Each structure stands twice: as structure tokens, then as C-alpha cells.
Amino acid sequence: MMMTETNIFEFASPERLWLLVAVPLIIVAYWLARLWANRKLRRFGNPATLRELMPERSGVRGWIKVSLFALAVGFAILALARPQTGSKLRSVETKGREIVLAVDVSNSMLAEDTKPSRMARTRHAIQQLTQHMTEDHVGIVAFADDVEVLLPITSDYKMAESKLRSLSPSLIANQGTDIGEALEVALLSFSNNTRTTRSRVIILITDGEAHDDMALAVAERAKAEGVIVCCIGIGTPEGTALQINGEMIEDEDGKMVVTKLNEQLLDEIASITGGIYIRSTNSSFGLDEVVAELDKMETTQLSHRNFEEYDEEYMWFLGVALLLLVVESLVLGRRNPLLKGVTLFEREKK
């Protein structure tokens, strides 16, 4: 694994920086207050005479105090915006496989012959698979009579788990089981970086009865492109009456809908591409066997993964703010009469 590092500085909450407008407002407010105070003093007499009568009054000290206070507020706001320093790690070269999950989301996947349902068990099994992935990239294709790319190839497993939760028959309006189109879209989902490798696999998960010549043609194309297709079938060749929410589903003629598994088609697709076919059972969904098969495959360098690591630096800005407030509190607003006779530089005698 190779990575290049770039040192950066940024604020985690930059939207709070607009509060820095308070710094010049403090200065302006103090200036206006001084103008108002001087205007009131002029009512009592000549300003030069008043300065002689109030030798302890110091305008410079007031400006020093308000400047220190404004700076302290500024640094406190910078701390509130959470300054961070760290490294942005780019170009992380990983070796793994690209896996596209082609998942049947037809209505029959709601059948409860597999508890709690075929669809729920499929989501759980795929989630377990993604949780154990470290270097492989994954994509998700949902299909019934139409096909939808739910997740392009990615290394973001959190996103994959999020998309898995949305797998349901409501994704596809037209019902059916078009395995050929599903495989074709899955083939197009791989990245260009792996086109010349043998590290690409499609995991086809379906429970539908399908007699699809197109599926075999696409399987031949997958073989030519070096893509392995592993198939997991849910159901039985004998067929199972479709039952959803405890109710038997009937067709337009009032007959019970029976879902049958075409094992011959799935086995042939897998055989053509060098993959395996597994029938899902109550004791084993079939993904463990597929993963064991994937471990035999070669890996290849995949697209780069970017990630960032930062250290919080707000405590330094907060420390400066506190130090400025301490100094501001030590600066007296008026001249100290006890230090009246103290001079740092001796005046030149004429």
C-alpha cells in the first residue's frame, strides 16, 4: 500500500468564523463611547484645562485594553471554529476484487418460506458480507423486470450498508425476473481500471423462475471479459406457494402463485463463467461458499482510496485568548499615581 501525504490546515466549523465581525465592532463601539465621553467633558470646560485637572486619565491605556479584549474575543471565536491540522492521505493503492451484487427484488422475494422473508434474509446476508470486506470494492444492482444500479462500484462500505436497507420490491415498478438484463448492467458497472484483469465477479441472487436465452449470451460475454458469475438461488425447483404476511397470493385467475427456481439456468451461467452455483437453505444462505470461491481469485490494484486524519488545535487559540484577557486585566485604565515620579528615560538638560 502506497500513500502520499499533504499537510493541511482547516476549520471543522468554518460557518462560525462570521462571528469575527464582533472584533471590529468592539473597536468601533469603544471609539463611539470615547467620542460621547469627550463631548460630555467639553461641557465642563476647556479640554486642555481638564487634562491638567485629571492627570491620571489615560486615553492610550484605554485603547490598549480594548485592543487586547478584542483580540481575545477573536482568538476565542477561532477556537470555536475548531481549527485542525493534519494530513490528507491520497493515492492509497489497494489490492482486491471488484464485486457487483445483482439482487432480485421481485415481489416473490417477500415470501416467508425463509424467515423472516427472502428479502430480509438477503439483506442480512449481504450486510454480513460487506462488514467483512477490507480491500474489495462493491457495487449493487437491483432487478426485477427492469434493472436499477443502486450503488456504483465503491470502497465506501458504510454507503453500501445504507443502500442495502433500501432493497425491496418497491424499487422496481415492473415485476418479473430479467436475469439477462441484470447481468448486462452488472457487466457495465465495473470500473475501467480492472478491464484487463481477472479480479471481477458478479454475485447473482435470485429466487425467480426464468427461461432466459439472453442470460446465457451475456454469460458468454462475461466469460470473454474475464468476469466470473457466482449464483445463489433462493427457493426450490418444485416450487413454493407464494405467501406474504400470512396470506396466500393468487393470480388473476384465482390460482395460487407458485415461485419456482430454475436451477439449471443458474448452474449453467455459473459454469460458463467459471463460477459456482449454490442453493440457499435455512441453515446457509450461500455467501460463505461464494466468499471461499472469491478467495481463490487473483487480486488487482484498485482505484485509489482517499481519507483524512486531523488533530484538533482549538486549545492553542483558546490559550492565547485567555492570556490576552489576563494581560488586559493587568493593564490599568488610569495612570498609577504611585508611579508618577518614575521615568524610564532621563530628560536631557538644557
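Quick note: structure is the one above.
The paragraphs below set out a description of the structure included in this document. All values reported here derive from a predicted model rather than from experimental measurement.

Our focus in this paragraph is the layout of surface pockets. Of the volumes computed, that of the largest pocket is approximately 340 Å³. Taken together, 18 residues make up the lining of the largest pocket; nearest its centre are Gln 128, Leu 129, Leu 287, Asp 288 and Val 291. If you list the elements that add at least two residues to the lining of the largest pocket, you get helix H4 (118–131) and helix H9 (287–294). Among the elements that make up the lining of the largest pocket, the one with the highest residue count is H4 (five residues). Of the residues in the lining of the largest pocket, the class split is eight nonpolar, five polar and five charged.

So, about H9. Within H9 the residues assigned to the buried category are Leu 287, Val 290 and Leu 294. Seen along its axis, H9 keeps its buried residues to an arc of 55°; they face one direction. Among the structural elements, strand S4 (98–104), H4, strand S7 (200–206) and strand S8 (227–234) are those in contact with the buried residues of H9.

Further remarks concern helix H10 (residues 314–330). Here H10 spans 25 Å end to end across 17 residues, near enough to the 24 Å set by a 1.5 Å rise per residue. Looking at H10, one finds that the buried residues are Phe 317, Ala 321, Leu 324 and Glu 328. One face of H10 carries all of its buried residues, which in axial projection span an arc of 65°. For H10, the exposed residues lying more than 90 degrees away from the buried face are Trp 316, Leu 322, Leu 323 and Leu 330.

This part is about the pattern of salt bridges. Under the definition given, this model contains seven salt bridges. Asp 207 is the partner of Arg 118 in a salt bridge, and the nearest nitrogen-oxygen pair spans 2.5 Å. Note that Arg 118 is positioned in helix H4 and Asp 207 in the loop between S7 and helix H7 (213–224), a separation of 89 residues in sequence. Residue Arg 118 is classed as buried on the basis of its relative accessible area, which comes to 1%. Judged by its relative accessible area of 0%, Asp 207 falls in the buried class.

As a further point, take unusual backbone geometry. Its identity is not glycine, yet Arg 82 carries a phi of approximately 55°, on the positive side. Here Arg 82 shows up in the loop between helix H3 (59–80) and strand S2 (83–92).

Each value, and the rule that gives it
- Residues numbered from 1 in each chain as written.
- Predicted model: local features only at pLDDT ≥ 70, side-chain atom pairs only at ≥ 80, totals over all residues.
- Heavy atoms only, no water.
- 1 Å grid on protein atoms, 1.4 Å probe; cavity = no way out; pocket = protein on both sides within 12 Å on 5 of 7 lines; lining within 4 Å.
- Points joined across faces, edges and corners; volume = space filled by probe spheres on them.
- Helix = DSSP H or I, 4+ residues; strand = E, 2+ residues; numbered from the N terminus.
- Nonpolar A, V, L, I, M, F, W, Y, C, P; charged D, E, K, R; others polar.
- Buried < 20%, exposed > 50% of the residue type's maximum accessible area, 1.4 Å probe, protein only.
- Arc of directions from axis to C-beta.
- Contact = heavy atoms within 4.5 Å.
- Expected span 1.5 Å × (residues − 1).
- Salt bridge = Lys/Arg side-chain N within 4 Å of Asp/Glu carboxyl O.

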